[in-house]
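# Coordinate inspection notes
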Amino acid sequence: MAKILCIGSGKLANQLPALMPQHEFIGIRRSKVASPLQLVSLDLLSDQLTIESVLKEVGQVDAIVFTATPDARTPEAYQSTYCEIPKKVLSVIHHLGWSPSWLHVSSTGVFGQDSGEWVHEKTEPAPKSVFAQMLRASELIVAEYGHTQIVRLAGLYGQGQTHLLKALAQGRGIQQQPWSYTNRIHRDDAARVIAFVLAYQLANRSKEVSYWHGADYDPAPLHQIANEMSHSFDLPAPQFLSALAHEDAIGSQNKRVGNRRLVNAGFTFLYPTYRQGFCAP
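Residues numbered from 1 in each chain as written. Predicted model: local features only at pLDDT ≥ 70, side-chain atom pairs only at ≥ 80, totals over all residues. Heavy atoms only, no water.

### With respect to the sheet that holds strand S7 (residues 148–153)
- Pairing is parallel across the open sheet formed by 7 strands, whose spatial order is S3-S2-S1-S4-S5-S7-S11. Two strands in the sheet have a free side with no partner beyond their single neighbour: strand S3 (38–41) and strand S11 (210–214). Geometrically, the sheet is characterised by an average inter-axis angle of 20 degrees between neighbouring strands, direction not taken into account.
- Pairing between strand S2 (residues 24–29) and S3: 4 bridges, direction parallel. (Pairing = 2+ DSSP bridges. Helix = DSSP H or I, 4+ residues; strand = E, 2+ residues; numbered from the N terminus. Axes fitted to C-alpha atoms, helices over the stretch in contact; angles between N-to-C directions.)

Right under this line is the structure:
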């Protein structure tokens, strides 16, 4: 049995105990709520002495899973969550003499490629927005530590997250020209990817830094998905837009994310494409 510390105790982390019941999961949160994790109260934006005191009480852990997300979409919130928290925690565990594995959940948003090209685990990220740049900076911080597996998740949906279906029901316009490839993964599969990589990490105890892409098999164009979903759910026909040379064009999302390493390692999807995922409960 491994002792695993979860930095971030949202929906993804909360699914891990059920997926890996043989292990002990401890979650860090500012305030305690009902959770399948053993919760410890701690504001990770506190000073390092406070963090160290709490981690001493938790005791040495075998792995740390970072799934924290900022409270707001601001540069300051991203900087604090994705850069300052990992720096503080890594500094504390170094001072304590611990060397747990680190599993870091990032985003395929670190790729700024926008011409419909494929990106893979060894593709060099080209972040454009300040938010994507901070995500990449976070990856580099934990990569310097080593003992690290970095999981880049595509857009999450499922478990009540149905933004596209709501947009179609409201008659919102959908970009058709130029094509905008989108990448996604059902939330159930996203949690399973984290559990899969964590199991790999615990079994191999590799000191190398590796990247994994949590994205399904079908990075389809947005207008194609919208058209199929409108028929499947008996929604109004999409109002397609041409965004050529228009500020509303979706450029930063126009890439196709490959999941080669994950699949080659033996992972299987519950929802291999959006067609299965959108129809799931």
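There is more to say after this.
### Describing the packing of helix H3 (residues 75–96) against helix H4 (residues 130–145)
- H4 packs onto H3 with a crossing angle of 5 degrees between their chain directions and a minimal axis gap of 9 Å. Taken together, the axis directions place H3 and H4 in an arrangement best described as roughly parallel. On H4, the residues that touch Pro 75, Tyr 78, Gln 79, Tyr 82, Cys 83, Pro 86, Lys 87, Leu 90 and Ile 93 of H3 are Val 130, Phe 131, Met 134, Leu 135, Ala 137, Ser 138, Ile 141, Val 142 and Tyr 145. (Parallel < 35°, antiparallel > 145°, perpendicular 65-115°, else oblique. Contact = heavy atoms within 4.5 Å.)

### So, the confidence of the model for the chain
- Of the residues in the chain, 95% have a pLDDT of 70 or more, and the chain-wide mean is 91.
- Counting contacts from residues 245–252, a segment whose pLDDT is below 50, to residues more than four positions away or on other chains yields 11 contacts. (pLDDT = per-residue confidence, 0-100.)

### A few points about the packing of helix H2 (residues 48–58) against H3
- Contact geometry of H2 with H3 gives a least axis separation of 10 Å together with a crossing angle of 60 degrees. For the element pair H2 / H3, the angle class is oblique. For the element pair H2 and H3, the recorded crossing hand is right-handed. Here Gln 48, Ile 51, Glu 52, Leu 55 and Lys 56 of H2 come into contact with H3, specifically with Lys 88, Ser 91, Val 92, Ile 93, His 95 and Leu 96.
- Of the residues in the contact of H2 with H3, the class split is 5 nonpolar, 3 polar and 3 charged. (Left-handed = near helix turned anticlockwise from the far one by under 90°. Nonpolar A, V, L, I, M, F, W, Y, C, P; charged D, E, K, R; others polar.)

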